[in-house]
Amino acid sequence: MSRLIKTDDSVVNASSNPAFSAILEASLDRRGLLKGLGASLALGLAGGTVSQLAQAANAAPTAPLSLGFTGLPFSTDDVVHVPAGYSTQVLYAWGDPVGVPGKQPAFKQDASNSAEEQALQAGMHHDGMAYFPLPFGSAHSKRGLLAINHEYTDDGLLHPDGMAHWNDKKTAKAQAAVGVSVIEVEDTGKGWRVVRPSALARRITATTPCAISGPAKGHALMKTQDDPKGVRVLGTLNNCANGQTPWGTYLTCEENWSDYFANNGELSADDKRYGIKATDAGYKWSETDFRFDRQITPNEAHRFGWVVEIDPFDAKSTPVKRTALGRVKHEGAMLVLAPDNRVVVYMGDDQRFEYIYKFVSSKPYNPKNRKANFDLLDHGTLYVARFDQDNTGRWLELTHGKNGLTAANGFASQADICIHTRRAADLVGATKMDRPEWIAAHPHKPYEIYCTLTNNSERGKEGKPGVDAANPRVDNSFGQIIRWFEGDNNPATTEFVWDLFALGGSPTGKGDKKASVQGDTFGSPDGLKFASNGLLWVQTDVSTSTLNEKDYAGMGNNQMLAVIPERGEFRRFLTGPRGCEITGIAFTPDNRTMFINIQHPGETSSERSDPAAPKAVSAWPDGAAGGRPRSATVVIRRDDGGVIGVA
C-alpha cells in the first residue's frame, strides 16, 4: 500500500479510551499466559486447544535458525543498502519491455512512450509479486516466472508534461501503466535476467478483459450497458499485495480502486462506505472514460474491489475476479491448506477501522488435477474476525440468512453480501483494525498467522473508535504486528487465540510511541512474508509526509527486517532509496535468491512529481544520467551463494 492520502470512509462509533499503558500491559501479560501450560485455564477455553497452541508458539523449527548478518543502521542515502556479503541487482524497472515476442519497445527517459508502448512495458509502482518455477510443478530455482503488481501511477512522471492538458491519450497511458506483469526470468550464473522474448510474457492492464465468477456473477448490481449480463469487466487496477495458490495461479488484489471513481451527484450508501466522493483522487480518468463516472455508469464501481486469479502459465488465459472472497480494499490474499486440504484464504482490508477476513473453500484442493482446482475460490464460506479483550477471537460467518444477514437488513442473497462486504462485516460486529495489510502464515505451522497493522492516526479521536486490546494506541503512527493461532491447529476453524507480536515505535519513543520489539525498531509495518525455512521478513511503508514528522526523526528511509518468530529479534536487513516504499517479496525455492520491489522512489508529499524536476528527491535507479526515478524489482543474493538471511 502506498497511497499517502488515507481517506476514512468507515461508519464508526465513539468510545472511551483506556490508558495505553493499561491496555498494553494487560495484553502483554495475556500474551505470556498464551505461552504457558496454564493458558487454557487462564483464557477459559477448552484445555486441549489452547495448550496445543501454546506449545506450538514455543516450538522451534526442526532445524533451528539464527540470523547470519549484521543489522544495518538507518539510512537517508539514495541507494539500496544490504549487509556485507550481499549484492543487489536491478532486474525489471518501470518502462522495461515485458518480453512479448516481436513487441519490445524500449523505455524513453523523457517519458514520451505511447499508451500502446506502455502496455508492452513494465507498469509503474511495483508492489506484491510471486515466483513460479519453470516448468510448472518443479522446484526450479534458476528459471521461473515473476508475476508483479503495478499498483498506481505518478502522472507527474508518466507523461512528459505531467497532469497538464489532460486528454484521452493520457488516460489510456495511465490505464496501461497499472495492473500486472508476467515476466520470464533466469539465473545466467552471472546474474539474473528477464528472458526476452518469452511466449509466457504479458501485461494485464486496466483494459484487459476479466471474467466475473462466484456469487456476484450476473447480479443486477454487476450489469452495465456494455456488459448487460454482468459476467465480464475490463481491467484490474490498484493491485497491491497478492497471493499464490498450490495449483500455480497468482492472486492479485484490488485495493484503493475507489480513488478512480467520481460521483458528483448524490452519494449512495455504497459510495460512502467505500470512499467514493464527488471527484476522484486526482487521476482524472472519469473525464475521458465514463466507466469511472458514477453518474453515467452507476454499476461499474461494483466490478472492482476483488481478488483476481491469473494463470501465469497460460498467456492467453482470462483473469477471473473471484467474488466469493468479498468486495473490499484488498491488501492481499494469503492461502494455506487445512488438514482436510480445503483452501483457506486470509485477507486484509487496508483502511482505517476496517477488518480482517478469511475464506474457507467448500471443496478440497486436488493435487493430482490442476484444472479441477480452477473453481475452488468460487464456493465456500466467508468470515470476518472479532478479536476479544481476553485474547481469544472468533471468525464470524458472512453467509446469507445467518448472523442477521437477511433481506430485512438489506442482504437479499449471498451476492449482496459479497458486493457489500464491509456493511455485512459492520452488521455482525467485527473488530475495527488499524489498517490490516499483509498476512503471512508460518510454513511449518500453517495455523500460526501474522498480520501487519500499519498505522491509524485516527484511532481515539473524537467520533472515532477508541483503543482496544488488539489496537491499543491512540493516534497510532507506528503500527503493530498481530498474531493468532487457529483452534485445533486447523486454519478452517472458527475460534482462535491471539497476541500482539510486536509494536512498532521510535528508538527514543515514550508512552504510546515506544517500540515493543527486541532488536531493531521500525514503523508502519506493511509487507510481510515467510521464507519456506521459517524466516519472517517485514517491510515498512512510512509515508513521505509522516517521515517528516518529529516522531520519525532519525529513522531514515523505508526498510526491510528479518525476524525468527520463535526468538523474536528483529534485525534490519535492507534500507531503500529516498521517498520509496519497500514492498513485494518472493523467493526461489532454495531461498538463495530473493526478489523485492522498490516502489515510488522520489515520492513527495504531493504524491505527484513535478515533471520539470522529477529527480528532486531521488534519481534511483538510473542515477544522474537517467531521466526519472523508476520503481523496480531488485534481486538480492549472498555473495557466497548461500541461503538469504541465515547463518
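The sections below set out a description of the structure shown in this document.

Reading the values: the criteria
- Residues numbered from 1 in each chain as written.
- Predicted model: local features only at pLDDT ≥ 70, side-chain atom pairs only at ≥ 80, totals over all residues.
- Heavy atoms only, no water.
- Salt bridge = Lys/Arg side-chain N within 4 Å of Asp/Glu carboxyl O.
- Helix = DSSP H or I, 4+ residues; strand = E, 2+ residues; numbered from the N terminus.
- Buried < 20%, exposed > 50% of the residue type's maximum accessible area, 1.4 Å probe, protein only.
- Contact = heavy atoms within 4.5 Å.
- Core = buried A, V, L, I, M, F, W, Y, C linked by side-chain atoms within 4.5 Å.
- Pairing = 2+ DSSP bridges.
- Axes fitted to C-alpha atoms, helices over the stretch in contact; angles between N-to-C directions.
- Phe/Tyr/Trp six-rings, centres within 6.5 Å; stacked < 30°, edge-to-face > 60°.
- Lys NZ or Arg CZ within 6 Å of the ring centre and 35° of its normal.

### Details of the pattern of salt bridges
Working step 1: Taken as a whole and judged by the stated rule, the model has 42 salt bridges.
Working step 2: Put simply, arginine 394 and glutamate 495 hold a salt bridge, and the shortest N to O gap is 2.6 Å. Of this pair, arginine 394 sits in strand β18 (residues 392-397) while glutamate 495 sits in strand β23 (residues 495-503), and the two are 101 residues apart along the sequence.
Working step 3: The exposure class of arginine 394 is partly exposed, given its relative accessible area of 31%.
Working step 4: Using a relative accessible area of 40% as the deciding quantity, one classes glutamate 495 as partly exposed.
Working step 5: Each of Arg273, Asp349, Glu354, Arg422, Asp426 and Lys432 takes part in a single network of salt bridges with overlapping partners.

### Describing the environment of tryptophan 285
Working step 1: The topology assignment puts tryptophan 285 in the loop between α7 (269-274) and β11 (307-310).
Working step 2: For tryptophan 285, the contacting residues outside a window of four places in its chain are Trp166, Thr171, Ala174, Gln175, Val178, Ala206, Leu237, Tyr260, Asp280 and Phe292.

### Looking at the nonpolar core
Working step 1: Among the nonpolar cores identified, the biggest contains 31 residues, and Leu237, Trp257, Tyr260, Phe261 and Trp285 are the most heavily contacted of them.
Working step 2: Elements with a contribution of two residues or more to this core: α5 (155-158), β7 (209-213) and α8 (414-419).
Working step 3: Other than its neighbours up to four places away in sequence, tryptophan 257 contacts Leu237, Asn238, Tyr274, Ile276, Ala301, Phe304, Gly305, Arg327, Val328 and Lys329.
Working step 4: One finds Tyr357, Phe359, Leu382 and Leu398 within the second-largest nonpolar core, a separate group that totals 29 residues.

### A short note on the sheet that holds β18
Working step 1: Pairing is antiparallel in the open sheet, where nine strands are placed in the order β13-β14-β16-β17-β18-β23-β22-β21-β20. Single-partner strands in this sheet number two, and they are β13 (334-337) and β20 (436-441). Each strand axis lies, on average, 30° off the axis of its neighbour in the sheet, ignoring direction.

### Focus on the packing of aromatic side chains
Working step 1: Within this structure, the stated rule accounts for 33 aromatic pairs.
Working step 2: An angle of 55° between the planes, with centres 6.1 Å apart, marks the rings of tyrosine 346 and tryptophan 395 as tilted. Of this pair, tyrosine 346 sits in strand β14 (residues 342-348) while tryptophan 395 sits in strand β18, placing them 49 residues apart in sequence.
Working step 3: Look at tyrosine 346 and you get buried, because its relative accessible area is 0%.
Working step 4: Arranged with centres 6.4 Å apart and planes meeting at 85°, the rings of tyrosine 355 and tyrosine 357 form a pair that is edge-to-face. Neither tyrosine 355 nor tyrosine 357 differs from the other in exposure class; each is buried.
Working step 5: Here a set of aromatic residues connected by ring pairs shows up, and it is made of Trp257, Tyr260, Phe261, Tyr274, Tyr283, Trp285, Phe292 and Phe304.
Working step 6: For lysine 321, the ring lying beneath its charged end belongs to phenylalanine 304, and the centroid distance is 3.9 Å.
Working step 7: Directly above the ring of phenylalanine 69 sits arginine 571, whose terminal nitrogen or CZ lies 5.7 Å from the centroid.

### Remarks on the sheet that holds strand β9 (residues 239-244)
Working step 1: Read across the open sheet, the six strands follow the order β8-β7-β12-β11-β10-β9; overall the sheet is mixed. Bordering the open sheet on either side are β8 (232-234) and β9, each of which pairs with just one other strand. Mean inter-strand twist for the sheet, computed between neighbouring axes without regard to direction, equals 35°.

### Some words on the environment of methionine 129
Working step 1: Structurally, the position occupied by methionine 129 is in strand β2 (residues 126-133).
Working step 2: A residue is classified by how much of its surface remains accessible, and methionine 129, at 1% relative accessible area, is buried.
Working step 3: Note: C-alpha distance between methionine 129 and alanine 241 (112 residues apart in sequence) is 7.4 Å.
Working step 4: Sequence-distant contacts of methionine 129, that is, excluding residues within four places in its chain, are made with Leu146, Ala147, Ile148, Asn242, Tyr250, Gly584, Ile585, Ala586, Phe595, Ile596, Asn597 and Thr633.

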